[in-house]
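Structural features, examined
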2 protein chains.
Amino acid sequence: MNIIVDAMGGDNAPDEVVKGCIMAAESFGEKITLVGVESEINRLLKKEGFAGGNIEVRGATEVITGDDEPTSAIRQKKDSSLRVGLEMLHRDAGDVFVSAGNTGALIAGATLIVKRIRGVRRVALAPLMPTENGCFLLVDAGANTECSPAFLKQFAIMGSIYMEKIMNIDKPRVGLINIGSEEEKGTENIVEAGRLLKETPINYTGYVEGRGIPCGEVDVAVCDGFTGNVVLKFMEGMGIVVKDYFKKMFFRNALSKFSALLVRGSLKELAKTLDYTEYGGAPILGCMKPVIKAHGSSNAKAFYHAVRQAIEMVNKNIVGTIAENISQY
Amino acid sequence: MNIIVDAMGGDNAPDEVVKGCIMAAESFGEKITLVGVESEINRLLKKEGFAGGNIEVRGATEVITGDDEPTSAIRQKKDSSLRVGLEMLHRDAGDVFVSAGNTGALIAGATLIVKRIRGVRRVALAPLMPTENGCFLLVDAGANTECSPAFLKQFAIMGSIYMEKIMNIDKPRVGLINIGSEEEKGTENIVEAGRLLKETPINYTGYVEGRGIPCGEVDVAVCDGFTGNVVLKFMEGMGIVVKDYFKKMFFRNALSKFSALLVRGSLKELAKTLDYTEYGGAPILGCMKPVIKAHGSSNAKAFYHAVRQAIEMVNKNIVGTIAENISQY
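This report concerns the structure included in the present document.

So, how was this worked out
Residues numbered from 1 in each chain as written. Chains lettered and ligands numbered in written order. Predicted model: local features only at pLDDT ≥ 70, side-chain atom pairs only at ≥ 80, totals over all residues. Heavy atoms only, no water. Helix = DSSP H or I, 4+ residues; strand = E, 2+ residues; numbered from the N terminus. Rg over C-alpha atoms; globule rule 2.2 N^0.38 Å. Buried < 20%, exposed > 50% of the residue type's maximum accessible area, 1.4 Å probe, protein only. Contact = heavy atoms within 4.5 Å. Core = buried A, V, L, I, M, F, W, Y, C linked by side-chain atoms within 4.5 Å. Salt bridge = Lys/Arg side-chain N within 4 Å of Asp/Glu carboxyl O. Axes fitted to C-alpha atoms, helices over the stretch in contact; angles between N-to-C directions. Left-handed = near helix turned anticlockwise from the far one by under 90°. Nonpolar A, V, L, I, M, F, W, Y, C, P; charged D, E, K, R; others polar. Least-squares fit on C-alpha atoms with pLDDT ≥ 70 in both. Pairing = 2+ DSSP bridges. Buried area = accessible area lost by both parts, 1.4 Å probe.

Attention shifts here to the overall build of chain A. Tallying secondary structure elements over chain A gives 12 helices and 12 strands in all. Its C-alpha atoms give chain A a radius of gyration of 20 Å, near enough to 20 Å, the size a compact globule of 329 residues would have. Counting only C-alpha atoms and orienting by the principal axes, one finds that chain A spans roughly 60 × 60 × 35 Å. Buried positions account for 58% of the 329 residues belonging to chain A. Taking the contacts inside chain A whose residues are at least 6 apart along the sequence as the reference set, 70% of them involve residues at least 24 apart.

In C-alpha cells form, the structure reads like this:
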C-alpha cells in the first residue's frame, strides 16, 4: 500500500505532517509518499533522523493556502502539493490521499481529478464527531450547500457503510436532521429524502432533532452541507467555550487548582471528548479512491491517526463497497 | 398593565405557572390574568395563600397539548387557554401574552389571531442564548422553515431593536449565519439578504460562522427557522451532555466529590450558562402585541422571569418601535 500525504497542508505543515508520518511509517510499516517542497521535507526527515526506507518524497513547488479560492486554486496551481497528490491517486500511483489543506480545494479536487464513483451524484465531507457515549458521522459537513432528496439518500447509504466497516457498528442507526419528529415536518426535500430512505435496506431510524445528536441518538446524521457545516463549527465553538470556562474555573485560586488535581483524569477525558480533531480526519465519501481531510490544526499525533484511518479505509474497501451498493439501493 | 398568562401551558402547568405568577404579582405589582381551568387555578391560588388583589382568573376549558397539530389545534380548540389568551390580547383586554405551551400553536395563533405588524412579512421566534461572556438573540429559531432574503432582513431589524432596547446594547452587532465569511459563500438567499442588510442603518457585521456564535461574535444571529431550530436544540443537547459528564466526573469517588465542593460556585455558574432557559422566554417578534414563548420545562422561577420580560417588552415599546422602523429600512 502507498499512502499519499499532502506535506504542505494545514496550519502546522510541513513540520507536524512529517513528524506524524514518521510515527505512522514506523508503526504501520506501509509506504508513505510525502508530496510538497522537496528541500523542506528532506531537511525535516533528516532532522528527525528517520532511517526507515518506507517514506518517499514527491516534489511539488506550489502550495494551496487557506485563503485561495478552491476551484481556481485547483485549476491554476498545477504543481501544488494538493493537486499533485490527487493526480497521483487518480493514476494509481497510490491508494489513498490525506491532506489537512484547504477543505474546499480538496473537495473540488477530489471531484475534478479523482472523480466520483459511477452513480454517486455528489461527494460528501463526513467528519466523525463526539457524543455522550461515543461518536457519530455527520454527512454532509459542507461539500454541498444545497441538496436534493437523492443526494441526501446517497449520503445516508455511504455514511452507513463507513460506520459499519470502520467503526464496526452492526446496522448503524441513520437519521435525517430535522426540526421535529413528525413525518410532515421540515422542508420538502427532507420529507422526500425520508420517503426514499424507507425503501433502502439501511437502518434508517427517521428524523433526528438537534438535541438528539450530541446525546448519541444516531450513528449517522444526514443533512445538507449548510446545516452540517453550521453544526460542525458550532460544536467546535462550544468546545472552545467550555474548555475556556474550565480553565477559568480551576485556575481561580489555590483551592480550585487543588480541586483540578483531584479530577485531572476526567478533565483530560472531557477535553478529548470535546475536541473532535481527536477522532481522526473526515473522509470525502463518494470518490473513486479514498480521500481524507485531516483537520487544519492537526499536530503530529493527528496525522498519525489520519494515516491509520487511511490504511483502514483501503483495507476495508470502503470505496468498493460504496460502488457495489450505491446504485442497487 | 395587564399581563395575560396561559396557566395550562408547559410541562409543569398549572402548578409552577401559578407559583411563578404569584411571585411576579407580588414583586412587580402589575395585574396578571391567568387563563385556564378555573377550578384548578383557584385551588392553587388558595393553596399558595395568595392574598394580593392583582391576579385575575379567566376560565378556559380546553388545553392545547404538545402533541396537538398546531394550526388545527388553534382552529378547533376554541376554548383553549392558549387561544382565549391570544384573543384577549387581540381585543386589548391585556398588554402582553406569555405561554409555555405548544410552540407551533403559539406561533400560528400569534399570526392568525394577534396578527402581524403592517409591513412585517413573517413573525419570528427569538430566544436569547448564552455565549462565553454574555448572550445573543437567535432569529429565527423555528417559526419559518424556509426564508426569503426579505424575511431575513426583517428578522435582523427586529432582533437589533430587541437587543438594543431590552438588553441595552448600543448598536447590536447583527450577523447572518453562514458557512464562510467570504461574500459569495452560502445559499443565494443568504447572499441576497447580506446585500439588503448593508443598505439598512443597523450594525450589520456580515456573516457569522457556527464557531463564532457561542464565542460571542454577534449580539443577533439571523438565519432561517430550520437552521435556527437545529442550532437551538443542538445547544440544548450539548448542555445536557456536558452537565451529565460533570455529574459523572465529580461523583466518581470521595476525592472527586471533595473536589466538586471546592469549585461548587463555578459549577453552578456553568450549569446556569449552559441552561438557556435561565435567560427568560423567547419573544415572537413581529406581532401587533407582544407575545412571549416561555420554555416548555419552565419552573416557577422561569415564569417569574418571563413575566418580568413581558413587562419590559411593554414598557420599552418593542412593538411600536418595530412598527415605526420596519417599513422605513
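In this structure, Leu-34, Leu-138 and Val-291 of chain A together with Ile-32, Leu-34, Leu-138 and Val-291 of chain B are the most contacted members of the largest nonpolar core, which totals 210 residues. Here Leu-34 of chain A is in contact with Val-5, Ala-7, Val-17, Val-18, Cys-21, Ile-41, Leu-45, Ile-55, Glu-56, Val-57 and Arg-58 of chain A, once residues within four sequence places are set aside. If you look at the next biggest cluster of nonpolar residues, it comprises 18 residues, including Met-249, Ala-260 and Leu-270 of chain A together with Phe-250 of chain B.

Pairing between side chains of opposite charge can happen when the charged atoms of each approach one another. Residue and element names in this part refer to chain A. Scanning the entire structure with this criterion turns up 26 salt bridges over all chains. Salt-bridge contacts for Glu-312 lead to Arg-308; the nearest nitrogen and oxygen are separated by 3.9 Å. A residue pair is termed a helical-turn pair when its members lie 3 or 4 positions apart in one helix, as Glu-312 and Arg-308 do in helix H11 (residues 300-315) at 4 residues. A single network of salt bridges, built from pairs that share partners, joins Glu-192, Arg-195 and Glu-199.

Right, let's talk about the packing of helix H4 (residues 81-90) of chain A against helix H5 (residues 103-114) of chain A for a bit. All names here are of chain A. At a minimum axis distance of 10 Å, the contact between H4 and H5 shows a crossing angle of 35°. Of the two elements, H4 crosses H5, and the hand of that crossing is right-handed. Seen from H4, the contacting residues are Leu-82, Arg-83, Leu-86, Glu-87, Leu-89 and His-90; seen from H5, they are Ala-105, Leu-106, Gly-109, Ala-110, Ile-113 and Val-114. Here the residues of the contact of H4 with H5 are counted per class, giving 8 nonpolar, 2 polar and 2 charged.

Turning our attention to the relation of the copies chain A and chain B. For the pair chain A and chain B, the relating rotation is 180°, the translation along its axis is 0.0 Å, and the fit reaches an RMSD of 0.0 Å. Interpreted geometrically, this transformation is the action of a two-fold axis. Ranked by how close their C-alpha atoms come to the rotation axis, the residues of chain A are headed by Ser-259 of chain A, at 2.1 Å. A shared interface surface links the copies, since 100% of the contact residues of chain A are contact residues in chain B too.

Below, the discussion takes up the sheet that holds strand E5 (residues 124-125) of chain B. Residue and element names in this part refer to chain B. Taking strand neighbours across the sheet as the criterion, the 7 strands line up as E3-E2-E1-E4-E12-E11-E5 in an open arrangement whose pairing is mixed. Every other strand in the sheet has two partners, leaving strand E3 (55-59) and E5 as the edge strands with one partner each. Direction of pairing for strand E11 (residues 282-285) relative to strand E12 (residues 291-293): antiparallel, over a ladder of 2 bridges. Opposite Pro-283, over in E12, you have Ile-292 as the bridge partner.

Chain A puts 48 residues into the contact, and the matching count from chain B is 48 residues. Buried area between chain A and chain B, summed over both chains or domains, comes out near 4800 Å², and the portion from carbon and sulfur atoms is 72%. Of all residues in chain A, the largest losses of buried area upon contact with chain B belong to Ile-179, Phe-226 and Phe-234 of chain A, amounting jointly to 15% of the total for that side. Linking chain A with chain B are 4 salt bridges.

To continue, consider the pairing of strand E11 (residues 282-285) of chain A. Residues and elements named next belong to chain A. The alternating pattern of E11 places Ala-282 and Ile-284 on one face and Pro-283 and Leu-285 on the opposite face, and all of these are buried. Bridge count between strand E5 (residues 124-125) and E11: 2 bridges; the pairing is antiparallel. Bridge pairing in E11 places Ala-124 opposite Leu-285.

Purely geometric numbers; function is a separate question.
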